[in-house]
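Chain and residue survey
Each chain is listed here by its residues.
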Amino acid sequence: MSSYDVIIIGSGPGGYVSAIRCAQLGLKTACVEGRETLGGTCLNVGCIPSKALLHATHMLHEAEHNFADMGLKGKSPSVDWNQMLAYKQNTIDTNTKGIEFLFKKNKIDWIKGWATIPEAGKVKVGDDIHEAKNIIIATGSAPASLPGVEVDEKIVVTSTGALTLNKVPKKLVVIGAGVIGLELGSVYARLGSEVTVVEYLDAITPGMDGEVQKNFMRLLKKQGIDFVMGAAVQSTEASKTKAKVTYKLRKDDSEHTLDADAVLVATGRKPYYDGLGIDALGVEMTQRGQIAVNDHWQTSVKGIYAIGDVIEGPMLAHKAEDEGMAVAEVVAGKHGHVNYGVIPGVIYTHPEVANVGATEEQLKEAGRAYKVGKFSFMGNARAKAVFAGEGFVKILADKDTDRILGAHIIGPAAGDLIHEVCVAMEFGASAEDLAMTCHAHPTYSEAVREAALACGDGAIHM
Ligand code: NAI
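All figures in this text were calculated on a predicted structure; none of them were measured in a lab.

**Examining the layout of surface pockets**
Picture a little ball the size of a water molecule; that probe, rolled over the atoms, points out where space is still empty. In this structure, the second largest pocket encloses a volume near 430 Å³. For the second largest pocket, the lining is made up of 19 residues, of which His61, Gln223, His350, Pro351 and Glu390 are closest to its centre. Counting residues per element, the ones that place at least two in the lining of the second largest pocket are α3 (47-65), α6 (179-190) and α7 (210-222). Tallying contributions element by element places α3 first for the lining of the second largest pocket, with five residues. The residue makeup of the lining of the second largest pocket, split by class, is six nonpolar, eight polar and five charged.

Printed below as a string of structure tokens:
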């Protein structure tokens, strides 16, 4: 029997980051992972492979739509799907191997297999029982199932199967206009699939600022993606090569069908803790089936912690990473902290969409006095030079104190630009603080400064 200060279960962004921080803080650390490779959903079948496909297909889109205008003449590239999948796999491999290297460097033991917690202080993997003063559950999430829809990961797929379809479907139906549906829907639309997104609600990307939702949908439609809104999917029927999706429109209960060569089910994810044995341990759960934790990520069972997608909060890799570092500090007797008010969200479509803090709708509902500073990328010289003038930066600031309350960006490199606002918010900055900071010209970031200026005396280039 081996014994550790801490055993982390799961090696996704929450688990592996936590393991590294635990080791850095001098704790004898092991991480249990049952997959063949480290990195969890994010690196193996999520964030990283989807970004490879988004990048490759964006290049194709640029070649097809903008090259000729820049004087780059010639035939657009043809798609070698198998090579694109190989490029994606190579991206996964270099990243997962990178974590293996970091584990070795930090002297973290990778216990290979699936873990059970027979009792606090013990982790069972296969026939071996390991002792651990502290256990951190970081087992992530899995696609939620939808009644009437049977996933075979070939024709009716989740995000996992959508990354390995054996060919580019002529017609793709996407169920759910959330982050997964729109990112992967974009990939296939750029590859030439006819993409129809069927969404239950009346707006895409639930929870996002309303103005961004509308503009984002307009831009996606321009890229050829069709939307059926206010539609509840009832069932799918699949043969070996085709599928049929049946949905009901909420406004009149009428039933309709769509034919497809592939169906992507992207209707959310649920916490994953199968086989851990937490029921038998009496670990308290929330009403929504997440593991309940206190401010220090401690579950109701002493010595057992939980972080990431298995607990409350947005299911985002970077939220899990932050919790992973913070819980390591707590276990090491320090003061771990996560500022849940400043967690950015990014959708890696083109243009990208990013947000942090409050939406305008949330501020209205809270009855908060606020002001809006907005700037269009059409006024940003750099964006216009690269065919990226669509979209805007919107900053929300307190009407009296000018303190930044939220930011919403749709446009080039939005997922990077948002962090300037995140840092400002961490420091409790005002919109004026951002506006008075010199921004290099010509950069996209000038649009952030202009939006901050628009919270005060006005933007310059608008
Ligand atoms: P989501 O919760 O973002 O969106 C699911 C959508 O499906 C909702 O709009 C919902 O109204 C709709 N829906 C549910 N049932 C339906 C039905 N019967 N018929 C039609 N529409 C229906 O879930 P998604 O996109 O699957 O993502 C899961 C999680 O993964 C999210 O928490 C997301 O934040 C995370 N994720 C984040 C990424 C990023 O940060 N870039 C990338 C991929 C996933």
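Now that the structure has been shown, we can carry on.
**Looking at the domain arrangement of the protein chain**
Split into domains, the protein chain comes out as domain 1 (3-143 + 270-338), domain 2 (156-267) and domain 3 (343-454). Placing the centre of domain 1 and that of domain 2 at their C-alpha centroids yields a distance of 27 Å. Here domain 1 meets domain 2 over a buried area of about 1300 Å², counting both sides, of which 69% is carbon and sulfur. Ranking the residues of domain 1 by area buried against domain 2 places Val45, Leu54 and Trp81 at the top, with a combined share of 39%. Between domain 1 and domain 2 we count one salt bridge in total. Ionic pairing is found between Glu183 and Lys51, a salt bridge with its closest N-O pair at 2.9 Å. The tally of links from domain 1 across to domain 2 stands at five residue pairs in polar contact (both at pLDDT 80 or more). Listed by contribution, the elements that provide at least two residues to the side of domain 1 that touches domain 2 are α3 and α4 (81-105). For the side of domain 1 that touches domain 2, the element with the most residues is α3, which contributes 10 residues. When its residues are assigned to classes, the side of domain 1 that touches domain 2 shows 10 nonpolar, five polar and three charged.

**Looking at the pattern of salt bridges**
Summed over the entire model, instances satisfying the criterion amount to 15 salt bridges. The residue Lys394 makes a salt bridge to Asp209 at a minimum N-O spacing of 2.8 Å. On the criterion of sequence distance, the pair formed by Lys394 in strand β21 (residues 392-398) and Asp209 in the loop between β10 (194-198) and α7 is long-range, its members being 185 residues apart. When its relative accessible area of 1% is taken as the criterion, Lys394 is described as buried. The exposure class of Asp209 is buried, given its relative accessible area of 0%. Between Lys374 and Glu211 there is a salt bridge, and its shortest N-O distance comes to 2.3 Å. Taken together, the residues span a long stretch of sequence, with Lys374 in strand β20 (residues 370-376) and Glu211 in helix α7 at a distance of 163 residues. A single salt-bridge network, built from bridges that share partners, covers Asp209, Glu211, Glu360, Lys374 and Lys394.

**Here we look at the side chain of Glu450**
Residue placement: Glu450 occurs in helix α14 (residues 446-454). In this structure, Glu450 is buried with no salt-bridge partner, the nearest side chain bearing the opposite charge being Arg449 at 7.4 Å. With sequence-adjacent residues up to four places away left out, Glu450 is seen in contact with Phe375, Ala459, Ile460 and His461.

**What to know about the sheet that holds strand β11 (residues 226-228)**
Taken in spatial order, the five strands line up as β8-β15-β9-β10-β11 in an open sheet, and their pairing is parallel. The open sheet has two free edges, formed respectively by β8 (156-157) and β11, since each of these has just one partner strand. Bridging between strand β9 (residues 171-175) and β10 involves five bridges; their strand directions are parallel. By the bridge assignment for β10, Leu172 is matched with Val195. On the sheet, α6 packs against β9, β10, β11 and β15 (262-265) and is oriented at approximately 165° with respect to β10.

**Some details on the site of the ligand**
Around the ligand there are 23 residues in total, and Ile180, Glu183, Glu199, Gly268 and Val346 lie nearest to it. Ala266 is positioned with one of its backbone polar atoms (N or O) 3.4 Å from an oxygen atom of the ligand. The set of elements that each furnish at least two residues to the shell around the ligand consists of α6 and β12 (231-238). The residue makeup of the shell around the ligand, split by class, is 16 nonpolar, four polar and three charged.

**Observations regarding the nonpolar core**
Residues Ile8, Phe103, Val123, Ile136, Ile137, Ile291 and Trp297 are the most contacted members of the largest nonpolar core, which totals 52 residues. Those residues in contact with Phe103 that sit more than four places away from it in its chain are Tyr16, Ala19, Ile20, Cys31, Leu38, Ile108 and Trp110. Grouped together as the second largest cluster of nonpolar side chains are 39 residues, Val45, Ile204, Met217 and Phe392 included.

**Side note on the pairing of strand β19 (residues 352-357)**
Counting buried residues along β19, five of its six residues qualify, which places the element largely inside the surrounding structure. Two strands pair when backbone bridges link them, and strand β18 (residues 345-347) and β19 are joined in this way by three bridges, in the antiparallel orientation. Each residue of the ladder has a partner; that of Val346, found in β19, is Ala354. Pairing of β19 with strand β22 (residues 404-411) involves six bridges; the strand directions are antiparallel. Across the sheet, residue Val353 finds its bridge partner in β22, namely Ile410.

Each value, and the rule that gives it
Within any chain, residue numbers begin from 1 and follow the written order of that chain's sequence. Reporting of local features is limited, given that this is a predicted model, to residues whose pLDDT is at least 70; pairs of side-chain atoms are given and counted only at 80 or more, and all residues count toward the totals for whole chains, interfaces and linings. Processing note: side-chain calculations cover all non-hydrogen atoms of the structure and skip hydrogens and water entirely. Computed over the protein atoms alone on a 1 Å grid, cavities are sets of points where a 1.4 Å probe fits but cannot get out and pockets are open sets with protein on both sides within 12 Å along at least five of seven lines; a residue lines them when it has an atom within 4 Å of a point. Grid points are joined across faces, edges and corners, and a volume is the space filled by probe spheres set on the points. Secondary structure follows DSSP: runs of H or I at least 4 residues long count as helices, runs of E at least 2 residues long count as strands, and numbering of each begins at the N terminus. Side-chain classes follow a simple rule in which Ala, Val, Leu, Ile, Met, Phe, Trp, Tyr, Cys and Pro form the nonpolar group, Asp, Glu, Lys and Arg form the charged group, and the remainder, Gly included, forms the polar group. Residue ranges for the domains trace back to a domain assignment, done automatically or taken from a database. Accessible area, probed at 1.4 Å, shrinks when two parts are joined; the buried area is that loss added up over both. Here, a salt bridge means any side-chain nitrogen of Lys or Arg that lies within 4 Å of a carboxyl oxygen of Asp or Glu. Throughout this description, a polar contact denotes any pair of N or O atoms lying within 3.5 Å of each other; where both atoms belong to protein, one of them has to be capable of donating a hydrogen while the other can accept it, and for residues adjacent in sequence the pair is counted only when both atoms sit in side chains. A 1.4 Å probe rolled over the protein chains alone gives each residue an accessible area, and that area as a share of the maximum for its type sets the label: buried under 20%, exposed over 50%, partly exposed in between. We count Lys and Arg on the positive side and Asp and Glu on the negative side, and we leave His and both chain ends out. The contact criterion used is simple: two residues touch if any of their non-hydrogen atoms lie within 4.5 Å. Strands are treated as partners if at least two bridges between them are detected by DSSP. Axis lines are fitted to C-alpha atoms, over the contacting stretch for helices. Their N-to-C directions set the angle, which ranges from 0 to 180 degrees. Whether a residue is near a molecule or strand is decided by its heavy atoms; if any one of them lies within 4 Å of it, the residue is near. Only buried Ala, Val, Leu, Ile, Met, Phe, Trp, Tyr and Cys residues count toward a nonpolar core, and they belong to the same one when joined by side-chain atoms within 4.5 Å.

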